[in-house]
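Fold and geometry: a report
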Amino acid sequence: MANATPVMEAIDETLAGKRPVFEVVYEWATTVDHKKIGLMYIFLALIFLIVAGIEAILMRIQLAVPNNHFISPQVFNQLFTMHGTTMVFFMGMPILFGFGNYLVPLMIGARDMAFPRLNAFSFWISAFGGLLLYFSYFGASGLYGAGSAPDVGWFAYAPLTAKVFSPGHSTDYWTLSLLLSGIGTIGTALNIVTTTICMRCRGMTMMRLPLLVWLFLITSCMVFIAIGPLTAAQIMLTLDRYIGAHFFDTQAGGSAVLWMHYFWIFGHPEVYILVLPAFAFVNEIVPVFSRKAIFGYPAMVAATVAIGFISLSVWAHHMFTVGLGAAGNTFFVFATMVISVPTGIKIFNWLATIWGGKIHFATPMIFCVGFLFQFLIAGLTGIMLSAAPFDWQLSASYFVVAHFHYVLVGAIVFALFAAFYYWYPKVTGRMMSETLGKWHFWLFLIGFHLTFDFMHVPGLLGMPRRIYTYEAGRGWEMWNLIVGIGAIFQVVGTVCFIFNLIRSCFRGEIAGHDPWDAWTLEWATPSPPPSYNFAIEPTVHSRRPLWDLKHPEDPDSDYE
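What counts, and at which threshold
- Residues numbered from 1 in each chain as written.
- Predicted model: local features only at pLDDT ≥ 70, side-chain atom pairs only at ≥ 80, totals over all residues.
- Heavy atoms only, no water.
- UniProt positions renumbered as here; feature names shortened; annotations may be inferred.
- Core = buried A, V, L, I, M, F, W, Y, C linked by side-chain atoms within 4.5 Å.
- Buried < 20%, exposed > 50% of the residue type's maximum accessible area, 1.4 Å probe, protein only.
- Helix = DSSP H or I, 4+ residues; strand = E, 2+ residues; numbered from the N terminus.
- Contact = heavy atoms within 4.5 Å.
- Bend = angle between axes of the 7 residues up to and from the residue.
- Polar contact = N/O pair within 3.5 Å; in protein donor to acceptor, adjacent residues only side chain to side chain.
- Salt bridge = Lys/Arg side-chain N within 4 Å of Asp/Glu carboxyl O.
- Phe/Tyr/Trp six-rings, centres within 6.5 Å; stacked < 30°, edge-to-face > 60°.
- Lys NZ or Arg CZ within 6 Å of the ring centre and 35° of its normal.
- Axes fitted to C-alpha atoms, helices over the stretch in contact; angles between N-to-C directions.
- Parallel < 35°, antiparallel > 145°, perpendicular 65-115°, else oblique.
- Nonpolar A, V, L, I, M, F, W, Y, C, P; charged D, E, K, R; others polar.

Labelled according to an unreviewed UniProt entry, the protein chain appears under the name Cytochrome c oxidase subunit 1, originating from Granulicella arctica. Taken directly from UniProt, the Subcellular location (unreviewed entry) text for the protein chain runs: "Cell membrane". Entered under Pathway (unreviewed entry) in the UniProt record, the comment concerning the protein chain runs "Energy metabolism; oxidative phosphorylation."

Okay, here's the thing in structure tokens:
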């Protein structure tokens, strides 16, 4: 049992009749252990990933051939709303903050989060928000009767969300669910910031923090700034819908563009709130599998802070076509292009870390290599869209959909998979199968490129986004069919991954406390870590404390 994860312990004890199911459920429901809360975040996000994946497949089936009536237009509208909302708010953010919850205290030598009860509250209110969104399928009686899920898109532009265009309560479910999850997200961000600032072990100065902790710190600070405007907009929308406040009602002097500003002040930093933790995973994995210290640690920290600041000033590049004027457009073109500088520094430093290293292409590393290649391409298409004249031509086309998914899937999801393979041994005490991991990588990689490389083409040929179906003869048929085939490859790859997760939990090779010969503090604890994390508070003397312990003849502390 010494190598059993808390999940396996609970399953074994329940099956053996040692503990009743109710007692195990009660223990997990009332836990304040940051590791269990982190695992619950990740489990919840994986459930939502499966749900949102099914929604995506249904949409791709609908668009695979012209003049298709596989699903109705109303259902299609609901699917892209639920898919986008779920992936951003109930899969992306929870899974990343789940990793943060699990890893940050371990990596700074702390025994728990600064506010354990707030941590538990944040998880449960976020989970309730997600469940509330899907309860709309049962509880929202809209224009089309009971079971009317939201159908206003994940951006919910005004005036589409007004009562006259969205009667019933489906939009209210969307608003309230995001409001609740936003409260949970702010609570978690507050915990990460306070924990990082106040609970570091002896010797862990700010410039010795693991880069993962730095990136979660900056991400959490961005959450404070970005979630506020979205929360305010949702309250204003609710007032519009229920007491006729008219904030976004153009017929009564309100402004639909005001909603766009509020939404994208949240929406664009949100991309970086999602991508910075992905950077964090790569920062930890690439050096370990290259057998080199990260190249340019101070530059990486500075680039992260710069990305955090600049990302807060680029929101209106989503609004070039609304008529901001030449001065406004010029500013946001400039700001959007400038953010590529610190991002480029990160890419350069990752490549410099790999360069000349003794590279071990284990599964976490090959997912990181995929991340580097795809994030570079996503950045290039991002620079294209940051040019206002180019954006005017393609702002509502499938090209934008392709770019957006290239960033979110090509970068974030690949880094997430790398993180799963890398820290799974720490969480469970067992290794994931390398063979299944390689199958997962190649199937998902092929599927990703079939889907999102070719999705750019119908966009360039004029295919609008959020379109229900299309006539034959416009040159979009073949590309949409290829995109649909690619989506199936991704599904098969994901099934391979989930099978690997479950199988390895019971039959994986015993990992030991440090199977990758890594350097950060979480690998100094047993696998899985005990509830108190560290029996004795550690003391660190450099950015790689385990390297110092393993190589006392050549410690990093001599060079910092």
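Having seen the model, we can carry on.
1. Some thoughts on the nonpolar core
Counting 170 residues, the largest nonpolar core has Ile95, Phe99, Leu212, Phe281 and Phe371 as the members making the most contacts within it. Among the elements that line this core, the one with the most residues is helix 14 (residues 398–428), at 22 residues. Isoleucine 95 has contacts with Ile42, Ala45, Leu46, Leu416 and Phe420, leaving out every residue within four places of it along the chain.

2. Quick notes on helix 14
Maximum bend of helix 14: about 40 degrees, positioned at tyrosine 422, with proline proline 425 one to four residues after it. Among the 31 residues in helix 14, 29 count as buried, and that is most of the element. Backbone nitrogen of phenylalanine 399 and a side-chain oxygen of the N-cap are separated by 3.1 Å at the start of helix 14; the cap is serine 397. After helix 14 finishes, the residue glycine 429 shows a positive phi value of roughly 85 degrees.

3. Describing the pattern of salt bridges
Evaluated as defined, the whole model comprises 9 salt bridges. For aspartate 172, the salt bridge identified is with arginine 241, shortest N-O distance 2.7 Å. Here aspartate 172, found in helix 6 (residues 170–198), pairs with arginine 241, found in helix 7 (residues 211–243); they are 69 residues apart in sequence, far enough to count as distant. Pair check on accessibility: aspartate 172 and arginine 241 agree, each one buried. Aspartate 517 is the salt-bridge partner of arginine 291, the closest N and O atoms lying 2.9 Å from each other. With arginine 291 in the loop between helix 8 (256–290) and helix 9 (297–311) and aspartate 517 in the loop between helix 16 (477–507) and helix 17 (545–550), this residue pair connects regions lying 226 residues apart in the sequence. Judged by relative accessible area, which is 35%, aspartate 517 ranks as partly exposed. Each of Arg291, Asp514, Asp517 and Lys550 takes part in one network of salt bridges that share partners.

4. Observations regarding the packing of aromatic side chains
Summed over all chains, the structure comprises 56 aromatic pairs. Judged by centre distance (5.2 Å) and plane angle (85 degrees), the ring pair of phenylalanine 99 and phenylalanine 420 falls under edge-to-face. Taken together, the residues phenylalanine 99 in helix 4 (residues 73–107) and phenylalanine 420 in helix 14 connect sequence positions 321 residues apart. With a relative accessible area of 9%, phenylalanine 420 lands in the buried category. A cation sits over an aromatic face here: arginine 543 above tyrosine 297, 3.9 Å from the ring centre.

5. Some details on the environment of glycine 459
Positionally, glycine 459 belongs in helix 15 (residues 434–460). Separated by 58 residues in sequence, glycine 459 and valine 401 have C-alpha atoms that sit 8.4 Å apart.

6. Overview of unusual backbone geometry
In this structure, the amide linkage connecting alanine 158 to the following residue, proline 159, adopts the cis form with an omega of 5 degrees. Looking at where proline 159 falls in the secondary structure, it is placed in the loop between helix 5 (116–139) and helix 6. Looking along the chain, the bond that leaves serine 527 and enters proline 528 is cis, with omega of -5 degrees. Considering the arrangement of structural elements, one finds proline 528 in the loop between helix 16 and helix 17. Backbone geometry at asparagine 67 places phi at a positive 55 degrees, although glycine is not the residue there. Note on placement: asparagine 67 falls in the loop between helix 3 (34–63) and helix 4. The backbone phi angle of alanine 156 is positive, close to 50 degrees, even though this residue is not glycine.

7. Looking at the packing of helix 14 against helix 15
At a closest axis distance of 8 Å, the pairing of helix 14 and helix 15 adopts a crossing angle of 170 degrees. Comparing their axes, helix 15 and helix 14 come out roughly antiparallel. A per-class count over the contact of helix 14 with helix 15 returns 18 nonpolar, 8 polar and 1 charged.

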